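# Tertiary structure, described
Listed below are the residues making up each chain.
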Amino acid sequence: MGRGRGTKKHVVDENTAPFAQRMFAEDADGKTMQEVYDELNAQGLRTTRGARFGVRTMNKMLENQAYMGEHLHDDIVVATFF
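The sections below set out a description of the structure shown in this document. Every value quoted in this text rests on a predicted model; they were computed, and no experiment measured them.

### What to know about the packing of helix 1 (residues 17–28) against helix 2 (residues 33–42)
The contact between helix 1 and helix 2 brings their axes to 10 Å, and the two run at 145°. In this structure, the crossing between helix 1 and helix 2 has a hand that is right-handed. Here Arg22, Met23 and Glu26 of helix 1 come into contact with helix 2, specifically with Val36, Glu39 and Leu40. Of the residues that constitute the contact of helix 1 with helix 2, the class distribution is 3 nonpolar, no polar and 3 charged.

### Some points on the side chain of threonine 47
By the element assignment, threonine 47 lies in the loop between helix 2 and helix 3 (55–63). Setting aside residues up to four positions removed in sequence, threonine 47 forms contacts with Arg52, Phe53 and Thr57.

Definitions and cut-offs
- Residues numbered from 1 in each chain as written.
- Predicted model: local features only at pLDDT ≥ 70, side-chain atom pairs only at ≥ 80, totals over all residues.
- Heavy atoms only, no water.
- Axes fitted to C-alpha atoms, helices over the stretch in contact; angles between N-to-C directions.
- Helix = DSSP H or I, 4+ residues; strand = E, 2+ residues; numbered from the N terminus.
- Left-handed = near helix turned anticlockwise from the far one by under 90°.
- Contact = heavy atoms within 4.5 Å.
- Nonpolar A, V, L, I, M, F, W, Y, C, P; charged D, E, K, R; others polar.

Nothing here speaks to function; it is geometry throughout.
Below, the structure is given as C-alpha cells:
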C-alpha cells in the first residue's frame, strides 16, 4: 500500500498486496505471527527494505489503517475501496 505520486490517494502496490493479504488471512485463521513470518522468511520473501519479516513488521502492517481499507481525514475514519 502506498500513496500515488502527486496525489493523496492510497493505491494498491500490486507487487506486495498478495503478501499483505496473506498476512491478514493467516492471522484471521488463527496462525501465530511467528508461524506467518517464519513461513515468509523461509520462502525468501523480504520487506520493502530488504529485511526479514519479524514481529515489528507484522504488528505495523496488521495495525495499519491503510491496510485495513481505512484512512483518517480531519479526525474522521473514511473507508477506502479499491
